[in-house]
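Per-entry structural report
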Amino acid sequence: MEHARRPLTCARPSVPTTRAASFPTSVNVFRGSFRPTLNAVSRRNVGRVRASSALQAGDGGDGSGGRVPPAGGGGGGGQGDEVPDDDSRSSAKSIFWKGWNDRVSMDPNFAMKVLVEQVIGVGAAVLGDMAGRPNWGLKELDFVFSTLVVGSILNFALMYLLAATPASAAGAKGSLIQKLFSEQTLKAMGAPGGHFFEKGFTIPQRFINLFYKGFVFGLVGFSAGMTGTGISNALLMLRKSFDPNFKLQNETPNIFFNSATWGCHMGVSSNMRYQILYGLDMALCPIMPNKAFLIYSAIIRTVNNMVGGVSFVYLAKLFGVQKIKDEKVDSVVVA
């Protein structure tokens, strides 16, 4: 659930969470929905820069030397630029959508990749989860449901946080979260920014990448586990409150310990598989035809998702966070 879909070129993908093959750059279904807003903002920003330049080139008096009147209605010396506009209000109301638009501006196929990852990636992981349980998980559907919820949150979180934005591409300073997921943080430590097998680094530098990626993956896994397990447990309790005849198949997993298991799974299992996949990509991409590489990438990442689902089940059983109720067979006395 946690590895990036391979793009059409041999460059390393920016989102290491998807498993299916990337879409061609001609697929611009979502371009029209988000580009106008970004272009409008860019035009306004250009206008502000020109206005500022005109002010600096003026005669230094009352600001009449080429000052552009602001849309907000005035003020001497160009102070009208500080009047908040509709964009600042809307960005305050929808920070998420602004972040989404930023990512779509960098990758017009981002929305489609998220959709495919949620359908194929999460679906393959849930299939692997069921395959790792007795009777394909038919007596543990509550646990399978928990995996579905956590996996969906986890996939989206990793894709969203690791996707490129205009600010990250320009090397601008971002928030603590952005710095945590930025390759520049690893590069500042002298380690590979992408994966363990990148060329030109020493063994100690490579292990810095391995442990740092493990920490970041584990942090995301724990956070997604807290959210997803809480949601799935709440939905099961809600179902029980509406239907007195509904009986839980098993004990609902402890939120903290189940989340810790997800963190361990992501930091160890997912991280190691991520490193291996990108090492294989680096070795095979230059020697394989592009279409053959895309087919290989789609297959290997689907298999990887299923392996991830199975490995989580074994880890959960090992730690005892998902306990199955003992089946009690009542003896029937035939008169």
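About the thresholds
- Along each chain, numbering runs from 1 in the same order as the chain's sequence is written.
- Thresholds applied to this predicted model are a pLDDT of at least 70 for local features of residues and 80 or more for the giving and counting of side-chain atom pairs; totals over whole chains, interfaces and linings are not thresholded and use all residues.
- Excluded from the side-chain calculation are hydrogens and water; included are all heavy atoms of the structure.
- Segments assigned H or I by DSSP are reported as helices when at least four residues long, segments assigned E as strands when at least two residues long, and all are numbered from the N terminus.
- Throughout this description, buried means an accessible area under 20% of the type-specific maximum (1.4 Å probe, protein chains only), exposed means over 50%, and partly exposed covers the range between.
- Any two of the Phe, Tyr and Trp rings considered here, Trp counted by its six-membered ring, make a pair once their centres fall within 6.5 Å; the pair's planes then place it as stacked at under 30 degrees, edge-to-face at over 60, or tilted in between.
- Nonpolar cores are built from buried Ala, Val, Leu, Ile, Met, Phe, Trp, Tyr and Cys residues. Side-chain atoms within 4.5 Å join them into one set.
- Residue contacts follow a heavy-atom distance rule, with two residues in contact if any of their heavy atoms lie within 4.5 Å.

**Brief notes about unusual backbone geometry**
Of note, N135 is a non-glycine position whose phi angle comes to about 55°, a positive value. Among the secondary structure elements, N135 is positioned in the loop between α4 (110-131) and α5 (141-162). Positive phi outside glycine occurs at W136, with the angle close to 55°. With respect to the helices and strands, W136 occurs in the loop between α4 and α5. For W136, a relative accessible area of 48% gives the class partly exposed.

**Observations concerning the packing of aromatic side chains**
On inspection of all chains with the given rule, the structure shows 13 aromatic pairs. Note on W97 and W100: the rings are 6.3 Å apart at their centroids and 75° apart in plane angle, and the pair reads as edge-to-face. You can see W97 and its partner W100 sitting in helix α3 (residues 95-106), three residues apart, about one turn around the helix. Look at W97 and you get partly exposed, because its relative accessible area is 47%.

**What about the nonpolar core?**
Counting residues in hydrophobic clusters, the biggest one holds 20 residues, and the most contacted among them are L154, L158 and F181. Apart from the residues within four sequence positions on either side, F181 is in contact with L158, L161, L162, V216 and V220. Counting eight residues, the second largest nonpolar core, distinct from the first, contains W100, A111, M159 and Y160.

**Quick word on the side chain of E117**
Topologically, E117 is positioned in helix α4. A relative accessible area of 0% places E117 in the buried class.

This is a description of form; function is not addressed.
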